[in-house]
Amino acid sequence: MATRRIERTQESRRLLVSAAAELFAEKGYRQTSFIDIADKAGISRGSIPWHFGNKLGLLEAVVDDQLQAILAGFPPPAGERSDDPLDQVVGFIRLPATRLFITLLAEAVEVGSPIREHYARLHAALREGVLARIPAYALPPGIDPEAFTVLLVGAVIGVHAQWRVAPEAVNLDAVQTAMRALLLTPPSS
């Protein structure tokens, strides 16, 4: 009997996180209410504070869940695969889960934003994930890998935002070619 209760609790939590992720991506964090989330999940709104404490706790669960989904979609770190790091970047941009992060960016940059700290942690995790996936040969000579990662993540966020706003105007394949020409040194033969 306890196992069934645990399964229902886990399923309720999963449904709430999924509904919140979708709504936060569509409407933003501040514009999404407990009622919106509960209605979309088909679960009592009282379940949200029970599972997460408050809306910020739910956001943290959403960000953790989406970040795990994104990182799981990344190929393994450098040395464990042979494909191009920019293929990974463009693949990242195309992941449906990444839309949430563009929506939250506008709220995160506001002074006093309740999600600013969570978003900063998200960026740190993204930089760490990207850094682990850039082979040393790909860096231009004399460039600090951490500084390069900040530049690359910033470029990806900018490209991603433009693509989400006007996908017909942003050719991701052409952007990838341009990024390769500008940022990455080809491996030596």
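Quick caveat, the model's predicted, so the values are computed rather than measured.

K.L.:
What should I look at first to understand the nonpolar core in this one?
P.N.:
A general trend in soluble globular proteins is that nonpolar side chains are found buried together. Within the largest apolar cluster, 49 residues are counted, with the highest numbers of intra-cluster contacts made by Phe-24, Ile-37, Leu-58, Val-62, Ile-93, Leu-104 and Leu-152. Here this core gets eight residues from one element, more than from any other, and that element is helix 1 (residues 2-27).

K.L.:
Help me understand the environment of Ala-155 in this model?
P.N.:
The residue Ala-155 is located in helix 8 (residues 145-165) in this model. Looking at Ala-155, the relative accessible area reads 27%, which means it is partly exposed. A sequence separation of 24 residues divides Ala-155 from Met-179, and the C-alpha atoms of the two residues are 9.0 Å apart.

K.L.:
I keep staring at helix 2 (residues 34-41) and nothing clicks. Help me out?
P.N.:
Turn by turn, an α-helix covers 3.6 residues, leaving residues three or four places apart pointing in a common direction. Buried within helix 2 are the following residues: Ile-37, Ala-38 and Ala-41. The buried side chains of helix 2 occupy one side of the element, clustering within an arc of 95° when seen end-on. After helix 2 finishes, the residue Gly-42 shows a positive phi value of roughly 75°.

K.L.:
Got a minute to help me understand the packing of helix 7 (residues 116-131) against helix 8 in this structure?
P.N.:
Each packed pair of helices is defined by two parameters, the angle between the axes and the distance between the axes. Two numbers describe how helix 7 lies on helix 8: the axes approach to 9 Å, and their chain directions differ by 115°. With respect to their mutual orientation, helix 7 and helix 8 come out roughly perpendicular. You can see that helix 7 and helix 8 cross each other, and the crossing is right-handed. Across the interface between the two elements, His-123, Leu-126, Arg-127, Val-130 and Leu-131 of helix 7 pack against Pro-145, Glu-146, Thr-149, Val-150, Leu-152, Val-153 and Ile-157 of helix 8. Residues that form the contact of helix 7 with helix 8 fall into these classes: eight nonpolar, two polar and two charged.

K.L.:
Would you mind going over the packing of helix 8 against helix 9 (residues 172-183) with me for this structure?
P.N.:
Relative to each other, helix 8 and helix 9 sit at 160°, their axes nearing to 12 Å. Comparing the axis directions of helix 8 and helix 9 gives the class roughly antiparallel. Between helix 8 and helix 9 lies a crossing whose hand is right-handed. Two secondary-structure elements touch here, helix 8 through Phe-148, Leu-151, Leu-152, Ala-155, Val-156, Val-159 and Trp-163 and helix 9 through Leu-172, Val-175, Met-179 and Leu-183. Of the residues contributing to the contact of helix 8 with helix 9, the split by class is 11 nonpolar, no polar and no charged.

Rules behind the numbers
- Starting from 1, residues in each chain are numbered consecutively following that chain's sequence as written.
- With the structure being a predicted model, the display of local features is reserved for residues of pLDDT at least 70 and the display and counting of side-chain atom pairs for 80 or more, all residues being used for whole-chain, interface and lining totals.
- Side-chain numbers here rest on the full set of heavy atoms in the structure, without hydrogens or water.
- Each nonpolar core is a collection of buried residues, namely Ala, Val, Leu, Ile, Met, Phe, Trp, Tyr and Cys, held together in the definition by side-chain atoms within 4.5 Å.
- For every residue, the accessible area obtained with a 1.4 Å probe (protein chains only) is divided by the maximum for its type, and the residue is called buried under 20%, exposed over 50%, and partly exposed between those limits.
- A run of H or I in DSSP counts as a helix once it spans at least four residues, and a run of E counts as a strand once it spans at least two, with each numbered from the N terminus.
- In this description, the arc belongs to the directions extending from the helix axis to the C-beta atoms.
- A fitted line through C-alpha atoms represents every axis, and for helices the fit uses only the stretch in contact; the resulting angles, taken between N-to-C directions, go from 0 to 180 degrees.
- Between 65 and 115 degrees an angle is taken as roughly perpendicular, under 35 as roughly parallel, over 145 as roughly antiparallel, and anywhere else as oblique.
- Left-handed is the label given to a crossing in which the near helix is rotated counterclockwise from the far helix by less than a right angle, and right-handed is the label when the rotation is clockwise.
- The contact rule is simple, with two residues in contact once any of their heavy atoms fall within 4.5 Å.
- Lys, Arg, Asp and Glu make up the charged group, whereas Ala, Val, Leu, Ile, Met, Phe, Trp, Tyr, Cys and Pro make up the nonpolar group; the residues left over, Gly among them, are polar.

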